[in-house]
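# Observations on the three-dimensional arrangement
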Amino acid sequence: MRDEIIRFEHFGFQYNAQSEPTLHDINFSVRRGEKVLVCGPSGCGKSTLAHCINGLIPFSYRGERTGSLTIAGKTADALGLFGISRHVGTVLQDSDDQFIGLTVAEDIAFALENDCVADPALHERTARAAALVGIDEGHMRHAPDELSGGQKQRVALAGVMVESVDLLLFDEPLANLDPATGKAAIEMIDDLQKSTGAAVVIIEHRLEDALHRDVDRVVLMGEGRILMDVSPDELLCGDALVKSGIREPLYVTALRYAGVKLTPDMAPRNIAALRLNEADREKVRAWYREQPEEAPGEEAPVLLEAEHIRFAYAGGHEALRDVSLRLRRGELVAIVGTNGAGKSTFSKVVCGFEVQREGALRLEGEDLNALSIKQRAESIGYVMQNPNQMISQVMIFDEVALGLRTRGVPEDEVKARVEAALKTCGLWPFRSWPVSALSFGQKKRVTIASILVLRPRILILDEPTAGQDFRHYTEIMEFLRDLSAQGYTVVMITHDMHLMLEYAGRALVFSGGELIADDACAAVLTDPALIERASLKETSLYALAVMCGIEDGRGFVRRFIAHEREAVRP
Amino acid sequence: MRNLFNYIDRPSPIHRLTGATKLVCLLLWSFAAMLTYDTRLLALLPLLSMGLFMLSRIRLRDVRFMLGFTAVFMVLNNLLVFLFSPQHGVTLFGTRHELFSLGGRYVVTAEQLFYHLNLVLKYLASIPIVLLFVCTTNPSEFAASLNRVGVKYSVAYSVALALRYIPDIQREYHDISQAQQARGIEMTRRQSLFKRLRSAAAILIPLILSSMDRIETISNAMSLRGFGKNKKRTWYMGRRFTGWDFAAMALCLALLLAALALNRINGGRFWNPFAA
């Protein structure tokens, strides 16, 4: 068809370095003006599919192709990588690394420069693209480190919109964004698609967030094949999502628990569109009444106490203002807030990487200020977001043993403690493997094991589940919950509202260097003023409760979480 | 951008010159200062650069760190020359006017002092102009300038990329080293060389591995937006030459020609006032 920008027919692909094809028998097309969401678990082939659409396959990643793929009616070989980039504009996942220019204006102009567009058209078109995504004149000379994550993503988008492409491809646009910014990003993509008429393909596994605005179709992938290519309403009525390890929207799960049978005409694609009749609403209310009210647990003893902490980076603004809080033994706590709100800075101060200007930190009453970074690490462990930033040894055993060996622990004790840590982290079967043979999620466990081996009482993790699909997410989070049940205090810095709601007992909300809330997660995510101030996102469960006429929306959220924890999880 | 350039944005005629002009001028000027030991020209260059500094509105305190650094070097250089070769001026100029003695072979001669004067002037002729270039050239414009003076754009752009990503890599190094310190990796001098090397590896290996991932993303991002498509490219920050640009380049070319001419007239690189 003439309108088709992308058309796959019986398409397959196998990377040269791999023994099995990554894509099998792909039949899929995108027409002008269409908006398609591609989702699937890690390793399902969705990134490979994206590479085929933007031409990185076959031009950057080599391999064997079967079947046919046409872009604007031509084959990839006929167009070449640069020819494809005239039709397909790609916004990559990492908005930091794809920011190539020294300033915003230069980055937006990059494609035009390469196209030899001269002034005055060069400046005019750059300014027009910036205006299109809402970047104002004053930001044009800013360097990337002066921008927020959301602004960088706008720049990336302007950088591809600067040439009028037929299709915009987004590779996990919600990764690394706080919830409110992610929501704004989905809205911006939707508005741009409507105003320009370009086709949009979004690759994303955070289904509920991606469906915040309507899409025409959802393509569900699994093991290199397209499992379904249907409207979102149809997709959410079946059980294909749960089977393939994608998290369904929370309100859909809640409706299922309540015994409501979803049909496409109820428009379950997002909570704003959802229509429930009185019988269905009564089912939800009945379910709510049946759930037992959760009894408040006993308070464990206080482990860490922070009092009136103030901190400022050299020559910078005040990054922490009068932060006071307590962590109890065996707690699972989430730290949330926008980038730059003080979450990471607070963790760095607790670990001793930075020293507060004012205020006290006490661990079981003992002043932490007297201890060095290395000494503090024996009580407080810190796990970085990207495991590749921590791993320096070839073998898993050596990596986990590193912290003990640098402390001069005798080798027989090292062996015993490493083995114990490997067992705790489910890495015992891999004990004699090299690190490079592990998946991303397994490497994450190696880094956690390498910290646990020092027997800290508090574990701080920066975005423990970033880039993980639902199955790996659940694995990691269940593991962290086990740790907290064993008495470890687990602190997670996160942008993931689901994670916080489901696993954390309490949320510490940071904004502008201040701790603005310290409360149960269900309370935080149902408080509109707080949500607004800290760039969070209201949980759809609350909207469902309101829709069904349940007065205590917060109570509904709490009972849902309790039900998930008790009844559903093994 | 604190790494290489110390760009200070102030409205001035020097700032208004294109980066390419400033680069060409810097090269011509440096060649002139390098080639000649003619004291008259060497005295003119610092005066001229002082004038340019005033024109550029760059204040002394903006560059005081680099100036201080240079001064230390200059003094050290002069001391070493005198220490190892106290009669260098005599050999150069062929005469010997003794002034006073410091004992042993350290007899101070007028020729030696004159040689040191030339050495000092040489520093004053070449360093301030480099500082001026660094302070008045927008790093964003630098790659465009390199390309304008004939450097291939892929090479020129790699300079811009280095300026762009060096701060990111520094930040990452900092984060990694903090996390590794927590595991007991120490970077202090108290340890043996072998231990220190092992500590460095614990920070550098993760840094290199994560930089490799970054390079892959950057190179994909660049080719997806058409980098390398054509033999040429335009530059958003590039600017057109004006009359002032040509005038500035002509002035610097004149300085170089003067240096060459003086070398010929003096029959060598030195101007010899003692020969009279």
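Residues numbered from 1 in each chain as written. Chains lettered and ligands numbered in written order. Predicted model: local features only at pLDDT ≥ 70, side-chain atom pairs only at ≥ 80, totals over all residues. Heavy atoms only, no water.

For the rest of this paragraph, the subject is the sheet that holds strand β16 (residues 380–383) of chain A. All names here are of chain A. Within the open sheet, the six strands sit side by side as β16-β17-β18-β13-β19-β20. Their pairing is mixed. Both edges of this open sheet fall to β16 and β20 (514–519), since each of them pairs with a single strand only. Pairs of neighbouring strands in the sheet enclose a mean axial angle of 20°, with direction left out of account. Looking at chain direction, strand β13 (residues 332–336) and strand β18 (residues 489–493) are connected through four bridges and run parallel. Paired with Ala334 across the two strands is Met492, which belongs to β18. Lying over the sheet, helix α17 (residues 440–452) contacts β16 and β17 (458–462), oriented at roughly 160° with respect to β16. Across the sheet, helix α18 (residues 470–485) touches β13, β17 and β18, and the angle it forms with β18 is around 145°. (Pairing = 2+ DSSP bridges. Helix = DSSP H or I, 4+ residues; strand = E, 2+ residues; numbered from the N terminus. Axes fitted to C-alpha atoms, helices over the stretch in contact; angles between N-to-C directions. Contact = heavy atoms within 4.5 Å.)

This next bit is on the interface of chain B and chain A. Contacts between the two partners involve 52 residues from chain B, matched on the other side by 61 residues from chain A. Between chain B and chain A lies a buried interface of about 5000 Å² when both sides are counted; carbon and sulfur atoms form 54% of it. When the area that chain B buries against chain A is broken down by residue, the three leading residues are Arg183, Arg225 and Tyr236 of chain B, summing to 22%. The interface formed by chain B and chain A includes eight salt bridges. A salt bridge links Glu399 of chain A to Arg183 of chain B; the shortest N-O distance between them is 2.8 Å. Counting residues per element, the ones that place at least two in the side of chain B that touches chain A are α7 (139–148), α8 (153–182) and α9 (193–224) of chain B. (Buried area = accessible area lost by both parts, 1.4 Å probe. Salt bridge = Lys/Arg side-chain N within 4 Å of Asp/Glu carboxyl O.)

When two helices pack together, their arrangement is given by the angle between the helix axes and by the axis-to-axis distance. All names here are of chain B. Packing of helix α3 (residues 39–56) against helix α6 (residues 110–136) brings their axes to within 9 Å, and their N-to-C directions diverge by 30°. In this view, α3 runs roughly parallel relative to α6, as classed from their interaxial angle. As α3 packs across α6, the resulting crossing turns out to be left-handed. Taken together, the residues of α6 that come into contact with α3 (itself represented by Thr39, Leu42, Ala43, Leu45, Pro46, Ser49, Leu52, Phe53 and Ser56) are Phe114, Leu117, Asn118, Leu121, Lys122, Leu124, Ala125, Pro128, Ile129, Leu131, Leu132 and Thr136. Here the residues of the contact of α3 with α6 sort into 15 nonpolar, five polar and one charged. (Parallel < 35°, antiparallel > 145°, perpendicular 65-115°, else oblique. Left-handed = near helix turned anticlockwise from the far one by under 90°. Nonpolar A, V, L, I, M, F, W, Y, C, P; charged D, E, K, R; others polar.)

The next thing to look at is the packing of aromatic side chains. In this structure the tally under the stated criterion is 32 aromatic pairs over all chains. An aromatic cluster is defined as three or more aromatic residues linked by ring pairs; in this entry it consists of Tyr37, Phe93, Phe114, Tyr115, Phe270, Trp271 and Phe274 of chain B. One Lys or Arg, Arg559 of chain A, reaches over the ring of Tyr288 of chain A and ends 4.3 Å from the middle of that ring. It is Lys122 of chain B that lies over the ring of Tyr37 of chain B; its NZ or CZ is 3.8 Å from the centre. (Phe/Tyr/Trp six-rings, centres within 6.5 Å; stacked < 30°, edge-to-face > 60°. Lys NZ or Arg CZ within 6 Å of the ring centre and 35° of its normal.)

We now examine α3 of chain B. Residue and element names in this part refer to chain B. Look at α3: 26 Å from first C-alpha to last across 18 residues, which is about the 26 Å you get at 1.5 Å a residue. Along α3, the residues classified as buried are Thr39, Leu41, Leu42, Leu45, Pro46, Ser49, Phe53 and Ser56. With its buried residues spanning 165° around the axis, α3 presents them on a single face. Exposed residues on α3 whose side chains face more than 90 degrees from its buried face are Leu47, Met50 and Met54. Here the buried face of α3 lies against α1 (13–16), α2 (19–35), α6 and α10 (243–266). (Expected span 1.5 Å × (residues − 1). Buried < 20%, exposed > 50% of the residue type's maximum accessible area, 1.4 Å probe, protein only. Arc of directions from axis to C-beta.)

Residue and element names in this part refer to chain B. The topology assignment puts Pro139 in helix α7. Accessibility expressed as a relative area gives 4% for Pro139, which makes it buried. Considered as a pair, Pro139 and Thr21 are 118 residues apart in the sequence and their alpha carbons are 14 Å apart.

All names here are of chain A. Alignment of strand β9 (residues 217–222) against strand β10 (residues 225–230), held across five bridges, turns out to be antiparallel. Paired with Met221 across the two strands is Ile226, which belongs to β10. Hairpin remark: β9 followed by β10, antiparallel, with two residues in the connecting loop; positive phi at Glu223, about 45°.

We now examine the domain arrangement of chain A. Residues and elements named next belong to chain A. The domains assigned to chain A are domain 1 (4–244), domain 2 (249–290 + 549–570), domain 3 (326–379 + 457–538) and domain 4 (390–455). The gap between the C-alpha centroids of domain 1 and domain 3 is 33 Å. Counting from both sides, the interface comprises 15 residues of domain 1 and, opposite them, 14 residues of domain 3. Both sides together, the interface formed by domain 1 and domain 3 hides about 1100 Å², and carbon and sulfur atoms give 51% of it. (Domains from an automatic or database assignment.)

Turning our attention to unusual backbone geometry. All names here are of chain A. Residue Ile57 is joined to Pro58 through a cis peptide bond whose omega torsion reads 10°. Phi angles above zero are rare outside glycine, and His10 is one such case at about 45°. Along the chain, His10 turns up in strand β1 (residues 4–15). Among the residues examined, His10 registers a relative accessible area of 51% and is labelled exposed. Backbone geometry at Glu223 places phi at a positive 45°, although glycine is not the residue there. Here Glu223 is to be found in the loop between β9 and β10. On the basis of relative accessibility, which here comes to 71%, the residue Glu223 falls in the exposed class.

To continue, consider the nonpolar core. Side chains that are nonpolar tend, in soluble globular proteins, to be buried together. Counting residues in each nonpolar core, the largest one holds 166 residues, and the members touching the most others are Leu157, Ile448, Leu480, Leu544 and Phe556 of chain A. Residues Ile53 and Ile100 of chain A together with Val134 and Ala143 of chain B belong to the second largest nonpolar core, which totals 91 residues. (Core = buried A, V, L, I, M, F, W, Y, C linked by side-chain atoms within 4.5 Å.)

Split into domains, chain B comes out as domain 1 (13–138 + 238–275) and domain 2 (152–224). A C-alpha centroid distance of 38 Å is found between domain 1 of chain B and domain 2 of chain B.

The next thing to look at is the confidence of the model for chain B. The predicted coordinates of low-pLDDT regions are not to be read in fine detail. When pLDDT is averaged along chain B, the result is 88, and 96% of the positions lie at 70 or above. Model confidence for chain B, summarised as mean pLDDT per element, is weakest for α9 of chain B at 87 and strongest for α10 of chain B at 93. (pLDDT = per-residue confidence, 0-100.)

To continue, consider the side chain of Thr489 of chain A. By the secondary structure assignment, Thr489 of chain A is in strand β18. What Thr489 of chain A contacts, discounting residues up to four positions off in sequence, is Leu303, Leu327, Arg328, Arg329, Gly330, Glu331, Arg457, Ile458 and Leu459 of chain A.

So, about the environment of Ser19 of chain A. All names here are of chain A. Looking at where Ser19 falls in the secondary structure, it is placed in the loop between β1 and β2 (23–31). Of the residues examined, Ser19 reaches a relative accessible area of 68% and is grouped as exposed. Measuring from C-alpha to C-alpha, the distance between Ser19 and Val524 comes to 48 Å, with 505 residues separating the pair along the chain.

Before going further, it helps to spend a moment on the pattern of salt bridges. Per the counting criterion, the structure on display carries 57 salt bridges over all chains. The shortest N-O distance in the salt bridge between Arg233 of chain B and Glu113 of chain A comes to 2.7 Å. You can see Arg233 of chain B sitting in the loop between α9 and α10 and its partner Glu113 of chain A sitting in helix α4 (residues 104–114), one on each of two chains. You can call Arg233 of chain B buried: its relative accessible area is 5%. Accessibility expressed as a relative area gives 3% for Glu113 of chain A, which makes it buried. The residue Arg405 of chain A makes a salt bridge to Glu411 of chain A at a minimum N-O spacing of 2.7 Å. A relative accessible area of 31% means that Arg405 of chain A is categorised as partly exposed. Under the relative-accessibility criterion, Glu411 of chain A is labelled partly exposed at 44%. Overlapping salt bridges, with partners in common, bring together Asp97 and Asp145 of chain A together with Arg164, Asp168, Arg171, Glu172 and Arg214 of chain B in one network.

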